Structure formats: structure tokens, C-alpha cells
Amino acid sequence: EAAVTQSPRNKVAVTGGKVTLSCNQTNNHNNMYWYRQDTGHGLRLIHYSYGAGSTEKGDIPDGYKASRPSQENFSLILELATPSQTSVYFCASGSRDLSQNTLYFGAGTRLSVL
Amino acid sequence: AQRVTQVQPTGSSQWGEEVTLDCSYETSEYFYRIFWYRQLFSGEMVFLIYQPSFDTQNQRSGRYSVVFQKSFKSISLVISASQPEDSGTYFCALSELITNTGKLTFGDGTVLTVKP
């Protein structure tokens, strides 16, 4: 069973503080992704990675950094959190093998920046 | 640039009815895939079905099928014999194959309520 685990599940942060969201996958997938979902909207891509040591900008990367220290782990870092970054964040993993066609999502992290 | 539009913010059906959810998209690529996901009330994203652009046959998976109109850049998800457990938010998402990054571009979703 494919598994993507996010931590923490809920986070309250102060404006200007540093926030790190963590993601671990046991699927042995090369690709990992960070999305955010705002109320009433679909997911939007922040950063993604092809493998350990690589990070790429997605559609809305401003204010976020990412780190992929290993195949299994992918972190999203908010160096200076702002209230506009209050959202639900989803991590996903996916294979580069076209025969495995779907992304597997974590359960999400609800972040509130006060 | 990719764009996915789901014009129905909400939908409803009665138990046992067939439900159709619509999606349109924009892409300049020839090879792509369209995915359908359901988001449970817990927030969990569940993969339902996908349609590759190069396959003219509409895909089916259990009670889910799609109606793919490539020339119109539209695709509909059809749920047969809907059940109250099918309630949730349904997302259409586009992935371009040429780079094989696996990136998905999502629509804003349709909230489906199936009444008992």
C-alpha cells in the first residue's frame, strides 16, 4: 500500500516565524510534490522534486523553499510565515514510470498563520 | 499554459441515479492525461480514474467512467448508481506527458451531494 505521511497535521504559527512541514513516503517514488489548497479551490503546485538533492519551482513558489535530503523525505519551508500562507498543504509522491499513473497524496497539514 | 475549469461548483443526485460532472481544460500539448480525484470530508484525496489523450476509448473503472471529447477539450466523469457515500468534492486534473514531471493542474472542484 502506497503511503505518504505528513507532519504535523495541524500547525499554528506566528507571523514572521519559520515553519517546516515534513513529508515522508515509503513508495520508493522519484517524484514528490507540495501543493496548497485554499478553501473552495483546487490544489496549486508550490515545489516539486525529481529525486534526492533536487527541487524545482512550481506555479506558486514565492515565499516557500523546499528540501529533498533523501528519496523518502521532502520538506516545505516557510522562512518568514505570513497570514496569506494560511492554507491546507498536501504532499504527494509519484513514479516516473508511466505505467504507474497516479500521484499518492498525504492527509494534509492545516496551517494557520496568526 | 495549462488551465482546468470545472463550471459546476455544486451538484446533487438521488440514491441510484447516474451523475455527470463536467470539466474543460486548456493545453498546448498533444500528449497529456486527465485525472479525476475525489476529496473526502477528511481531506484525503482519492484517485478515481484517468484518461490518456492518445486513447480514443473512454476509460471505465467500476462505477466510474469518463466521456472524453478531445476536440472540445472537455471530459466528463460519470458515476453510475450513485450512493450517499459518493458525496464529496470531485476534482479534475491535467498532467502533460511530454516532460513526464507528473505535475497536476487542478480545477476548483465540484461538491457532490447524493441524497438517500
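Look above for the structure.
Being a predicted model, the structure only gives us computed values, none of them experimental. (Residues numbered from 1 in each chain as written. Chains lettered and ligands numbered in written order. Predicted model: local features only at pLDDT ≥ 70, side-chain atom pairs only at ≥ 80, totals over all residues. Heavy atoms only, no water.)

Q: How should I be thinking about the overall build of chain B in this particular structure?
A: What chain B contains, in helices and strands, is zero helices and 11 strands. In terms of C-alpha radius of gyration, chain B reaches 14 Å, essentially the compact-globule figure of 13 Å for 116 residues. Counting contacts in chain B only where the partners sit at least 6 residues apart, residues at least 24 apart contribute 55% of the total. Computed over 9 positive and 11 negative side-chain charges, the inter-centroid distance for chain B is 3 Å. (Helix = DSSP H or I, 4+ residues; strand = E, 2+ residues; numbered from the N terminus. Rg over C-alpha atoms; globule rule 2.2 N^0.38 Å. Contact = heavy atoms within 4.5 Å. Lys, Arg positive; Asp, Glu negative; His and termini not counted. Charge placed at Lys NZ, Arg CZ, Asp CG, Glu CD.)

Q: Looking at this model, I keep getting lost on the sheet that holds strand E1 (residues 3–5) of chain B. Mind explaining?
A: Residues and elements named next belong to chain B. As summarised here, the arrangement of the five strands in space is E1-E3-E8-E7-E6, forming an open sheet in which the pairing is antiparallel. In this open sheet, the two strands that pair with only one neighbour each are E1 and strand E6 (60–61). In this structure, E6 lies alongside strand E7 (residues 64–69), joined through two bridges in antiparallel fashion. Paired with serine 61 across the strands is tyrosine 64, a residue of E7. (Pairing = 2+ DSSP bridges.)

Q: Where do I start with the interface of chain B and chain A in this structure?
A: It is common to give the size of an interface as the accessible area that goes away when the parts come together. Taken together, the contacts link 19 residues of chain B with 18 residues of chain A. Note on chain B versus chain A: buried area summed over both sides is about 1700 Å², and carbon and sulfur give 51% of it. Where chain B meets chain A, there are zero salt bridges. If you look at where chain B meets chain A, you find six residue pairs in polar contact (both at pLDDT 80 or more). Secondary-structure elements contributing two or more residues to the side of chain B that touches chain A are strand E4 (32–39) and strand E5 (45–52) of chain B. Here the side of chain B that touches chain A gets four residues from one element, more than from any other, and that element is E4 of chain B. Class assignment of the residues belonging to the side of chain B that touches chain A gives a composition of nine nonpolar, seven polar and three charged. (Buried area = accessible area lost by both parts, 1.4 Å probe. Salt bridge = Lys/Arg side-chain N within 4 Å of Asp/Glu carboxyl O. Polar contact = N/O pair within 3.5 Å; in protein donor to acceptor, adjacent residues only side chain to side chain. Nonpolar A, V, L, I, M, F, W, Y, C, P; charged D, E, K, R; others polar.)

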